[in-house]
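Survey of secondary and tertiary structure
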Amino acid sequence: MSYSSREAGRYYGIDAWGNGYFGINDKGHLTVHPLRDARGVDVYGLLPHLTKRKLRCPVLLRFPQILKSRLEELFGAFNSAIREFHYPGAYRGVFPIKVNQNADVVAALVKAGRKRGFGLEAGSKAELAVALTHRLDDKAIVVCNGYKDADYVRLALRATQLGRKVILIVEKPHEVELIARVAKQLKVKPWLGARIRLHSRSSGKWTESSGSGSKFGLTTQELLDAVSRFDEHGLLPGFCLVHFHVGSQITEIRSIKAAVKEGARVYAKLRATGCPVEYLDVGGGLGVDYDGSKTSYEASMNYSVREYANDVVYGVQEICEAEDVPPPTLVSESGRALTAYHALLISEVGGQNRDPDRDLVDLPADAHDSLRELYEIRDEMTRKNHREFFHDAQARYDELHAQFDLGYLSLRDRALAERLMAGVRRQALEYAKDERFMPDEFQRLERRLISKYIANFSVFQSLPDHWALDQLFPVLPIHRLDERPTVQATLCDVTCDSFGEIDRFVDISDRRTSLALHELEPGKPYYFAITLLGAYQDVLGDYHNLFGRVDEAHVQLDKNGKARIVKAVRGDEAHEVLELFGYDPDAMIERVQEQIEERVAAGKLGAKAAERVRKEYERSLDGYTYLDFG
Ligand SMILES: *Cc1c(COP(=O)(O)O)cnc(C)c1O
């Protein structure tokens, strides 16, 4: 039966979640379309070029052109809304650095946004230090969020002396006094903002940052107090921004509308009482449709970027008109929506754990008698009796194991029992699947019989949110997409942790607990991609089992539509990861050398073998932390 790339596209949901950046070519390979047009990068075709650049699996591919495209879409959406509603103000985004602190990612976004007055958002001193290295447009702002100490404030004020519009956001009441004190010491007039706590709660998984229980933000009384303290310290002229953030990956447009209206009202009231606020910063939250279902499910969102921009612009406009105040310059801190699409991880499957071989035809003549019964159950199972026979087989099988425990069964007979039972399970499940209603026990059995593909990557390093937050990322093979996938499988990583497994997959109408993949072909590698990893993932990874940062390639289409690897970055070698955790690789080699010398002195190891042991040990410290399935 033939299978078309179109069917594969539908099954893996590429058209749903791909957002124009992904496709399948006529070779059945996954393609990436950084410019969202017909020109695509054949991801499988890229592999030999990666090898030439000495990059190994797992390898993270970054597409800087996708970052630019996302930024253009965001600005395009706001600018269209501003034109459509005749909004008299402007939109200026800032990039929240914490979403992806990678130097190249920040640089690519800054470059793409320079002419548009795009700025940066910092949540810590180190992130502010990053922001200050970038030359931004004169109109761009740098927003300083997060808890602050005197050093953080001092750095921000020094940057103000460089002529930068660095705005210190007051998140906690005591920060007002801190800022006032440092500003007086340095004799610098600070730019100030206030983060407010909204009453509206957001939808979705990341809702902790919203509502009155949130960790950040001023209550209404605290806001009023802050304003009068600003005034007393002579800082009121610098109070230029009102900020709120209701959480990330907001799934429902309704929550956004409500938050924008509430925030705009606070802005308008402040403005009406004489505060010179000119920016309204609506924070992050703009979602990414990871499963492509366009719903308010946590992996999705029920609105588009365009609708988001429309609702922000329209909502603010409406309230400013009602309150008769000048509308603010609009700022959003959209991180996820800008970065998620630009990065994907490629890796390979090294093997699978298999059921015991089920094609047992005859029992050996000397097999234990008690095996005979299981054998007969297997052979006499029919569609009609499958449930009863399955239960009988289970009982026999338990008895066989009890006999083994008492020493009555040989290892060979135990193996025969396992093989017979595997056959019973498969056959019973086949029959059960044809029933109109599949009983619970068979549903559980079906889940147990899903294959596990062992793949060369670490969930903890490359997609930590899958493990920590149950987040879904689209996964699919990068080749053989013109072949029907016949094996239901999950993807186990190479860590020794049972959580190191991708066992939840995107689906338009549900979530899947296994994914149809292709039968592995002996001697031929099988490659897959985990996509939409650009937000919060590649920078968050941890070093479970000492698997380190992965190799990276930055891929770009040139003028002729040809894919170019514009940068290759090698991931961690074992010694680098070890140093991170307090080991000294030289001392480690010395320790091993001492043991080698003792063995040599004792006459138990020859000089040549001793040399080989030492070399092997040194080589292991210089190697990639992942496996070599080749
Ligand atoms: C994390 C964070 C963001 C980014 O949110 P996204 O949903 O990724 O756009 C923006 N602002 C603040 C204050 C944040 O903490």
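Residues numbered from 1 in each chain as written. Predicted model: local features only at pLDDT ≥ 70, side-chain atom pairs only at ≥ 80, totals over all residues. Heavy atoms only, no water.

1. Structural notes on unusual backbone geometry
The criterion, for reference: Each helix is a run of DSSP H or I of at least 4 residues and each strand a run of E of at least 2, with the numbering of both proceeding from the N terminus. Working definition: with a 1.4 Å probe on protein chains only, accessible area under 20% of the residue-type maximum means buried, over 50% means exposed, and in between means partly exposed.
Residue Pro58 is bonded to the preceding Cys57 through a cis peptide linkage, with omega at -5 degrees. Position of Pro58 relative to the elements: it lies in the loop between helix H3 (43-52) and strand S4 (59-62). Even without being a glycine, Asn19 presents a positive backbone phi close to 60 degrees. Structurally, the position occupied by Asn19 is in the loop between helix H2 (14-17) and strand S1 (22-24). The phi dihedral of Asp470 is positive, around 65 degrees, even though this residue is not glycine. One can find Asp470 in the loop between helix H18 (464-469) and strand S15 (475-477). Overall, the relative accessible area of 32% leaves Asp470 in the partly exposed class.

2. Here's the deal with the site of the ligand
Spelled out, the test is: For this description, a residue counts as near a given molecule or strand if any of its non-hydrogen atoms is within 4 Å of it. Within 3.5 Å is the distance limit for a polar contact, defined as a pair of N or O atoms, with the added protein rule that one can donate a hydrogen and the other accept it, and that residues adjacent in sequence qualify only through two side-chain atoms. Each residue is assigned to one of three groups, with Ala, Val, Leu, Ile, Met, Phe, Trp, Tyr, Cys and Pro labelled nonpolar, Asp, Glu, Lys and Arg labelled charged, and all others, Gly among them, labelled polar. Domain delimitation follows an automatic or database domain assignment.
Among the 16 residues in the neighbourhood of the ligand, the closest are listed as Lys98, Ser248, Glu333, Gly335 and Tyr536. At 2.5 Å, a side-chain N or O of Lys98 approaches an oxygen atom of the ligand. In this structure, Gly335 approaches the ligand through a main-chain N or O atom, which is 2.7 Å from an oxygen atom. Residue composition of the shell around the ligand, grouped by class: three nonpolar, eight polar and five charged. For the shell around the ligand, the domains that each give at least three residues are domain 1 (1-82 + 334-355 + 478-571) and domain 2 (89-333).

3. What about the nonpolar core?
Going by this rule: In this text, buried Ala, Val, Leu, Ile, Met, Phe, Trp, Tyr and Cys residues form a nonpolar core when linked through side-chain atoms within 4.5 Å. Throughout, a residue-residue contact means that at least one pair of heavy atoms, one from each residue, lies within 4.5 Å.
Leu61, Phe239 and Ile530 are the most contacted members of the largest nonpolar core, which has 158 residues in total. Broken down by element, this core gets its largest block of residues, nine residues, from helix H4 (residues 64-84). The residue makeup of this core includes at least three contributed by each of domain 1 (1-82 + 334-355 + 478-571) and domain 2 (89-333). Sequence-distant contacts of Leu61, defined by excluding residues within four places in its chain, comprise Val43, Leu46, Leu50, His342, Ala343, Leu344, Ile346, Ala553 and Val555.

4. Brief notes about the domain arrangement of the chain
Along its sequence, the chain is organised into domain 1 (1-82 + 334-355 + 478-571), domain 2 (89-333), domain 3 (369-447) and domain 4 (584-621). With centres defined by C-alpha atoms, the gap from domain 2 to domain 4 works out at 58 Å.

5. With respect to the packing of helix H10 (residues 253-272) against helix H11 (residues 305-323)
Formally: Fitted lines through C-alpha atoms serve as axes, helices being fitted only where they are in contact, and the angles separating the N-to-C directions of these axes extend from 0 to 180 degrees. Definitions for this section: a left-handed crossing has its near helix turned counterclockwise from the far helix by less than a right angle. A right-handed crossing has that turn clockwise.
Relative to each other, H10 and H11 sit at 35 degrees, their axes nearing to 9 Å. Of the two possible hands of crossing, H10 and H11 adopt the one that is right-handed. Where H10 approaches H11, its residues Ile253, Ile256, Lys257, Val260, Lys261, Ala264, Arg265, Tyr267, Ala268 and Lys269 are matched on the opposing element by Glu307, Tyr308, Asp311, Val312, Gly315, Val316, Glu318, Ile319, Cys320, Ala322 and Glu323. Its residues assigned to classes, the contact of H10 with H11 shows 12 nonpolar, one polar and eight charged.

6. Things to note about the side chain of Asp289
Condition: None of His or the chain ends enter the tally, which takes Lys and Arg as positive and Asp and Glu as negative. Between Lys or Arg on one side and Asp or Glu on the other, a salt bridge is scored when a side-chain nitrogen of the former is within 4 Å of a carboxyl oxygen of the latter.
Structurally, Asp289 can be placed in the loop between strand S11 (279-281) and H11. No salt bridge is formed by the buried Asp289, whose closest oppositely charged neighbour, Lys294, lies at an N-O distance of 5.0 Å. Reaching out from Asp289, the side chain makes a polar contact with the backbone nitrogen of Lys294 at a distance of 3.0 Å.

7. Description of the pairing of strand S9 (residues 191-195)
Note the following rule: What makes two strands pair is DSSP finding at least two bridges between them. Looking down the strands as they point away from you, a crossover is right-handed if its path from the first strand over the helix to the second goes clockwise.
Of all five residues making up S9, four are buried, and the element is well covered by its neighbours. Examined bridge by bridge, strand S8 (residues 166-170) and S9 share four bridges and lie parallel to one another. The partner of Ile169 across the bridge, within S9, is Gly193. With helix H8 (residues 174-186) bridging S8 and its parallel neighbour S9, the resulting β-α-β unit is right-handed. For S9 and strand S10 (residues 239-243), the ladder comprises four bridges, and the chain directions are parallel. Within S10, the residue paired with Ala194 across the bridge is Val242.

8. Some remarks on a nonpolar patch on the surface
How we decide: Nonpolar side chains (Val, Leu, Ile, Met, Phe, Trp, Tyr) within 5 Å and like charges within 9 Å form the patches, drawn only from residues with over 30% relative accessible area and no salt bridge. For accessible areas, the Shrake-Rupley method is used with a probe of radius 1.4 Å. Any residue's cover is judged against the shown protein chains and nothing else.
Taken together, the side chains of Leu546, Leu580, Phe581 and Tyr583 define a hydrophobic patch exposed on the protein surface, amounting to about 400 Å² of accessible area. Mapped onto the secondary structure, Phe581 falls in the loop between helix H19 (574-580) and helix H20 (585-601).

9. A short note on a negative patch on the surface
Spelled out, the test is: Lysine's charge is taken at NZ, arginine's at CZ, aspartate's at CG and glutamate's at CD.
Taken together, Glu576, Glu579, Asp584, Asp586 and Glu590 make up a surface patch of like negative charges. Of all the secondary-structure elements, those providing two or more residues to the negative patch are H19 and H20. Among the secondary structure elements, Glu579 is positioned in helix H19. By relative accessible area, which is 44% here, Glu579 ends up partly exposed.

10. Overview of the pattern of salt bridges
Scanning the entire structure with this criterion turns up 49 salt bridges. For Lys139, the salt bridge is made with Asp137, and the minimal N-O distance between the two is 3.6 Å. Between Asp503 and Arg504 there is a salt bridge, and its shortest N-O distance comes to 2.9 Å. For Asp503, a relative accessible area of 26% gives the class partly exposed. Overall, the relative accessible area of 16% leaves Arg504 in the buried class.

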